[in-house]
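# Secondary and tertiary structure notes
Okay, here's what each chain looks like letter by letter:
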Amino acid sequence: MKNNILFCITLIIAFSFNVYPQKEKVKIADKKYDNYAYIDAIKTYEKVAEKGYKSADMFKKLGNSYYFNAELEQAAKWYGELFAVYTTDLEPEYYFRYAQSLRSIGQNDKANELLELFNQKSGNDSRGRLFMKNVNYLDAIKANSGRYKIEDAGINSIYSDYGTAFFSNEIVFASARDTGSLGQRKHKWTNQYFTNLYAANLGENMIPEKPQKFDKKINSKFHESTPAFTKDGKTMYFTRNNYLDGKKGKDANKITLIKIYKAILENDSWSNITELPFNSDNYSVAHPALSPDGKTLYFASDMPGTVGLSDLYKVQINDNGTFGIPVNLGNTINTEGRETFPFVNDENEIYFASDGHPGLGGLDVFVSTINPNGTFEEVQNVGADINSPKDDFAYLIDTKSRRGFFTSNRDGGLGYDDIYKFLEQKKITCQQLLYGEITDLATAELLPDAKVTLFDNQFNILNTTISDDKGNYSFTVECGKTYYVRAQKPEYTTKEQMIVIANENGKTYVPIALENAKCKVTIGDDLGKCFNIKMIYFDLDKSNIRQEAAFDLEKILDVLNQNPTMKLDIRSHTDSRQTFKYNEALSDRRAVSTINWLIKNGVNANRLTGKGYGETQLVNKCADDVKCTEDEHQLNRRSEFIITAL
């Protein structure tokens, strides 16, 4: 017994001697982490973790260090350690980051479970709402895939290469390939060398040639990246660390952030480098992109008012070269995650990278249409050709050739980030599958061989199909549009339904139940009433067939075609406004107009008669001098279809 007690005491003492040094090492790593020296922090944290030391805070920072360096597989490992041991009082953000990391290694089911928990715990976070709204987002991504031919751009190094821009007949991009002398410094965040701008001439089919350094006055000892050029090629905007004229700026925590700078081309040399007026030492502004007319600058920032880690903004460029006040692009574009690397083309589209909208993991490339009033259409993922489970960003396209470039750290690349070229073979379109089944209203029996017709909002026929042996039908339709679906089958009452398609890829389910035609008509019956035909056909003082009137007249036409011996007397009526004589003449013209439409569509004239009754057979109180609404008057402007022979 005494030996056991001594053994336990020995273990406790040994554990204590082991824990305290580990805590001290963690404190050292924490300082590196707080200074964004993630690579150095990782080395220390992992050594401590190997010794068996466990801490929720350490696992968070280990996961974050890899997450912020886009090494999502390793991030998933350490977030997994965090969730295996500590699940109480974890901030909702870790559910999101762990889900994103799992998605990058293909564990989508587990990622989706975490995102559902994230949505529950985060309250009103747009990332959770977007996921719950688009739980079938992988179907939408699949629908947008297969549109690109993608190849290595041929300009990559074993280091980081990213962020292309068109300039004259060149592309300009950032690269960390300039290792310089033995004393060349590395950035502690990524352990990569600081980036400079490089340029490569574009040959046939936009194939880049050998890159060269871009310009000595632009490149500094710190990061330069993501340039944007005006159409005349005389002005450029670019991203650089907070460094100008030999002076380095720092925020309150003595961290050097990034800013956007402007340079002017004079005598084939870039000069007059100035920072933009909305920069600050206390937040980052980066990745400029110009509108096609050069009057608006788009960029990414975490300035005050930002919703997420970084948001997209725009600012007006005035004719005198001054700038307006930056405007956040709003919650259609921005989420509580990262939105960055904007690009705007001459087709009113904005492309950007985000990890807040539903994607494949890491940063994905998304696109939205910019409306004339400055608002944005529904954001779409551009598909699994451009996007991967890793970071994909800095999308750039020439809309005439449909060729362009983007950056990715996907598997199989040459370096840390690599530039890929692409040919877009099919433009993205927002489409939905409109589908359903045709059934018997009373019995719910599936109805095969029903004719289903798709109309646009002007009642133009777009497509026709026949329901299959299980009563199913489907059409491919465009997002955001209004359609009418009409179903008809012998011995059933024809039915049509209006559908407004949502502004997002996906499916719209529209089942249609047909009523068995119980009405047995005989001579003297009104065919319109029997087959539920609308009575409202004509505008005031008009005798032309309205679009919705033609839509209903097709039902009469269908019945006449199914009953070739049936004859009709078309009786047209008006409301009480205007004179008795005028209304009599108007109703005659309406009867003739209706008869002519049926004859034009194949009905023999000897099967049709017609007469106008003016205001002599009103269906309500709306006689002369009686005050009525327009809807009440319109009920009297009608045609009836009285069966005269069968």
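One structure accompanies this document, and this report is about it. (Residues numbered from 1 in each chain as written. Predicted model: local features only at pLDDT ≥ 70, side-chain atom pairs only at ≥ 80, totals over all residues. Heavy atoms only, no water.)

### Concerning the state of the cysteines
Counted by the stated rule, this structure contains one disulfide. Shown here is the disulfide that connects Cys 622 with Cys 628, its sulfur atoms set 2.1 Å apart. Handedness here is read from the sign of the S-S torsion; for Cys 622 and Cys 628, about -105 degrees, the answer is left-handed. The exposure class of Cys 628 is buried, given its relative accessible area of 17%. (Disulfide = S-S within 2.5 Å. Buried < 20%, exposed > 50% of the residue type's maximum accessible area, 1.4 Å probe, protein only.)

### Comments concerning helix α4 (residues 72-85)
Compared with the 20 Å implied by 1.5 Å per residue over 14 residues, the 20 Å span of α4 between its first and last C-alpha is a close match. When we look at burial in α4, the residues that qualify are Leu 72, Ala 75, Ala 76, Trp 78, Tyr 79, Gly 80, Leu 82 and Phe 83. On its buried face, α4 is in contact with α2 (38-50), α3 (56-67), α5 (92-104) and α6 (108-122). (Helix = DSSP H or I, 4+ residues; strand = E, 2+ residues; numbered from the N terminus. Expected span 1.5 Å × (residues − 1). Contact = heavy atoms within 4.5 Å.)

### Brief notes about the sheet that holds strand β14 (residues 285-290)
Strand order in the open sheet formed by four strands is β14-β15-β16-β17, with antiparallel pairing between adjacent strands. With one partner strand each, in any of the chains shown, β14 and β17 (327-328) form the two edges of the open sheet. Looking at chain direction, strand β16 (residues 311-316) and β17 are connected through two bridges and run antiparallel. Within β17, the position partnered with Lys 314 by the bridge is Val 327. (Pairing = 2+ DSSP bridges.)

### Considerations on the sheet that holds strand β35 (residues 638-645)
Taken together, three strands build an open sheet; the order of strands is β34-β33-β35 and the sheet is mixed. With partners counted over all chains shown, the strands left at the sheet margins are β34 (608-612) and β35, one partner each. Each strand axis lies, on average, 20 degrees off the axis of its neighbour in the sheet, ignoring direction. By the bridge criterion, seven bridges tie strand β33 (residues 567-573) to β35 in an arrangement that is antiparallel. Following the sheet pairing, Leu 568 is matched in β35 by Ile 643. Helix α11 (residues 580-600) rests against β33, β34 and β35 of the sheet, and its axis sits at about 160 degrees to β34. (Axes fitted to C-alpha atoms, helices over the stretch in contact; angles between N-to-C directions.)

### Re the packing of aromatic side chains
Applying the stated criterion across every chain yields a total of 39 aromatic pairs. Through pairs of rings, three or more aromatic residues link up here, namely Tyr 33, Tyr 38, Tyr 67, Phe 68, Tyr 79, Phe 83, Tyr 94, Tyr 95 and Tyr 98. A cation sits over an aromatic face here: Arg 127 above Phe 96, 4.2 Å from the ring centre. The cationic tip of Arg 240 hangs over the ring face of Tyr 261; the distance from NZ or CZ to the ring centre is 5.4 Å. (Phe/Tyr/Trp six-rings, centres within 6.5 Å; stacked < 30°, edge-to-face > 60°. Lys NZ or Arg CZ within 6 Å of the ring centre and 35° of its normal.)

### Focus: the environment of Gln 100
The residue Gln 100 is located in helix α5 in this model. Along the sequence, Gln 100 and Lys 390 sit 290 residues apart, while their C-alpha atoms lie 9.6 Å from each other. Here Gln 100 is in contact with Tyr 67, Leu 72, Asp 355, Gly 361 and Gly 362, once residues within four sequence places are set aside.

### Considerations on the packing of α4 against α5
Angle between the axes and distance between the axes are the two parameters that describe a pair of packed helices. For the pair α4 and α5, the least separation of the axes is 8 Å and the interaxial angle reads 135 degrees. In terms of axis orientation, α4 runs oblique to α5. Note that α4 runs across α5; the crossing there is left-handed. Residue-level inspection shows Leu 72, Glu 73, Ala 75, Ala 76, Tyr 79, Gly 80, Leu 82 and Phe 83 of α4 in contact with α5, the latter providing Tyr 94, Tyr 95, Arg 97, Tyr 98, Gln 100, Ser 101, Leu 102 and Ser 104. Of the residues assigned to the contact of α4 with α5, the class counts are 10 nonpolar, four polar and two charged. (Parallel < 35°, antiparallel > 145°, perpendicular 65-115°, else oblique. Left-handed = near helix turned anticlockwise from the far one by under 90°. Nonpolar A, V, L, I, M, F, W, Y, C, P; charged D, E, K, R; others polar.)

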